[in-house]
Amino acid sequence: MTGNEALDMFCYQCSQTARGTGCTLKGVCGKTPTVHRLQDNLLFAIKGIAAYMHMAREMGVSDDEVDAFMTKAYYATLTNVNFDAASFVALAEEAGMMNVRTMRLLKDTHVKNFGQPEPTPVPTGTRKGPGILVTGHNLRAMHELLKQTEGTGVNVYTHSEMLPAHGYPELKRYDHLAGNIGKAWFDQRQTFSDFTGPILVTTNCIVPPGDAYKDRVYVMDPVNVEDGKRVENYDFSEMIKHAQELPELPEAEGKVTLTTGFSAPVILSLAPRIRELVETGRIRHFFLVGGCDSPFMTGKYFREFVQKLPEDTVVLTLACGKYRINDLDLGDIEGIPRVIDLGQCNDAIDAIDVAVALAEMFGVGVNDLPLTLVVSWMEQKAAAILWSLLALGVKGIYLGPVAPAWVNDDILGVMVDRYDIRLVGDVEEDIRVMLGDVTAEEPGNEVMGSSGA
């Protein structure tokens, strides 16, 4: 084996591992590479569920059925427990359904505490004065910080997945929720260096801080970095004082105004109008373009994709993948915006509800809607959401910018045959296939795992 060849498996979870270093061809226990990879896939999905359930528990809610599944699924990955590949595909689908329960639990508690999100314009400049920048997903942390900074002269800004906070009535009523700075999580080194105030990291997606700002980083459980200042029990007094002592931000107008807050009820209130526009051909197709973004250059596919879509199409977006496209001014189709931001990654539950409701309205199955999912993925939460969609029977998803590394030929066969998963390829060819102008068998439109990407 050369240094450039990928291992089909690497397992070192028990004492009987090959040569005491790791099983790379087949487990000494009898585990096959495919089972090993499917175990990893299941663990990735479970980790994604854990991220959402942690936030739900912070809001005081939980789900016994999800907790029981997590125990069962973790146990299935132990040494000498389960050698059956098919059962791990079934467990992954079950994980997907448990993630649906978790996302709905989290969404419901967000709405109960902060109101139903509504379309809201968000400035991207800064106000003169001290400021705190908040990144991550924890809306309870944002709420507590807004309460504690009220009347202090400290403005609060959002970054990355915290942008959707601006759409919640209970959060946006605070006048010092001043705007959004930066884009997806991986711009931290530059964005946080330029920002002069403290930075609060509430959930995952932290990048090891650079010297220019590491003394201004505050973290909350379970986030941690070396020398990070820890916030305990939602007490932000030290950080607020720190903000007041640091150099003020300038009065600066942003280059764009973003819009967020299109929850499922908002979109479905337009359902009769959407039906009319679809039936008269003024809206030809819907696309969900978003997901968990990554710093790969290949991620530019998603922006180019949206830029080249016909003007009679509408784009739903969510998660940090929206930053590839949410600054584009695509206008509207007779009052229906052509770019609709549904919110955070966990707000995928809204996308599911919208798709189901539209399918019922048109009297078809979800897979028969004029809807295509073009999803970017980066990490474990994206794996959980992908399996949610697959467990719900959604087919024909385009996935990118690269294929998941845990996929081998055996798993690829299942993903293609059972779920019709495809890997993004050439933008113009993909659009033609999605709109029905060519068939998927023509050159340039191969299934996932091909060289087309």
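So, here's what we can say about the structure. (Residues numbered from 1 in each chain as written. Predicted model: local features only at pLDDT ≥ 70, side-chain atom pairs only at ≥ 80, totals over all residues. Heavy atoms only, no water.)

## Quick word on the state of the cysteines
Here is the rule we go by: Sulfur atoms of two cysteines make up a disulfide when they are within 2.5 Å. Throughout, exposure labels follow a simple rule: accessible area from a 1.4 Å probe, protein chains only, divided by the maximum for the residue type, with under 20% read as buried, over 50% as exposed, and the rest as partly exposed.
All told, the structure shown has 0 disulfides when counted by the stated rule. With no disulfide of its own, C205 lies 5.9 Å from the sulfur of C292, the closest cysteine sulfur. Take C205: its relative accessible area is 23%, and that puts it in the partly exposed class. Using a relative accessible area of 10% as the deciding quantity, one classes C292 as buried.

## Side note on the packing of aromatic side chains
Short version of the rule: Stacked, tilted and edge-to-face are the three classes applied to pairs of Phe, Tyr and Trp rings, where Trp contributes its six-membered ring and a pair requires centres within 6.5 Å; stacked means planes under 30 degrees apart, edge-to-face means over 60, and tilted covers the rest. Where helices and strands are cited, they refer to DSSP runs of H or I of at least four residues and of E of at least two residues respectively, numbered from the N terminus.
All chains considered together, the criterion is met by 9 aromatic pairs. Summarising the aromatic geometry, the rings of F10 and Y12 are spaced 5.2 Å apart at their centres and angled 55° between planes, so their arrangement reads as tilted. Taking 5.7 Å as the distance between ring centres and 90° as the angle between the ring planes, the aromatic pair formed by W387 and Y419 counts as edge-to-face. A residue pair is termed long-range when its members are at least 10 positions apart, and W387 in helix α12 (residues 380–391) and Y419 in helix α13 (residues 409–419) qualify at 32 residues. Each of the two residues, W387 as well as Y419, counts as buried.

## As for the environment of R101
Stated formally: The contact rule is simple, with two residues in contact once any of their heavy atoms fall within 4.5 Å.
Along the chain, R101 falls in helix α3 (residues 85–114). Sequence spacing of R101 and E65 is 36 residues, and the spatial spacing of their C-alpha atoms is 9.1 Å. When sequence neighbours within four positions are dropped, the list of residues in contact with R101 reads D63, E65 and V66.

## What to know about the sheet that holds strand β2 (residues 131–135)
As a reminder of what qualifies: Being paired, for any two strands, means DSSP has found at least two bridges between them.
Reading across the sheet, the 6 strands line up as β4-β3-β2-β5-β6-β7 and stay open at both edges, with parallel pairing between neighbours. With one partner strand each, in any of the chains shown, β4 (177–180) and β7 (229–230) form the two edges of the open sheet. As paired elements, strand β5 (residues 199–201) and strand β6 (residues 217–219) share 3 bridges and run parallel to each other. In the strand pairing of β6, L200 is matched with Y218.

## Here's the deal with the side chain of E144
Here E144 lies in helix α4 (residues 139–149). When residues no more than four places from it in sequence are discounted, the contact partners of E144 are Y234 and F236.

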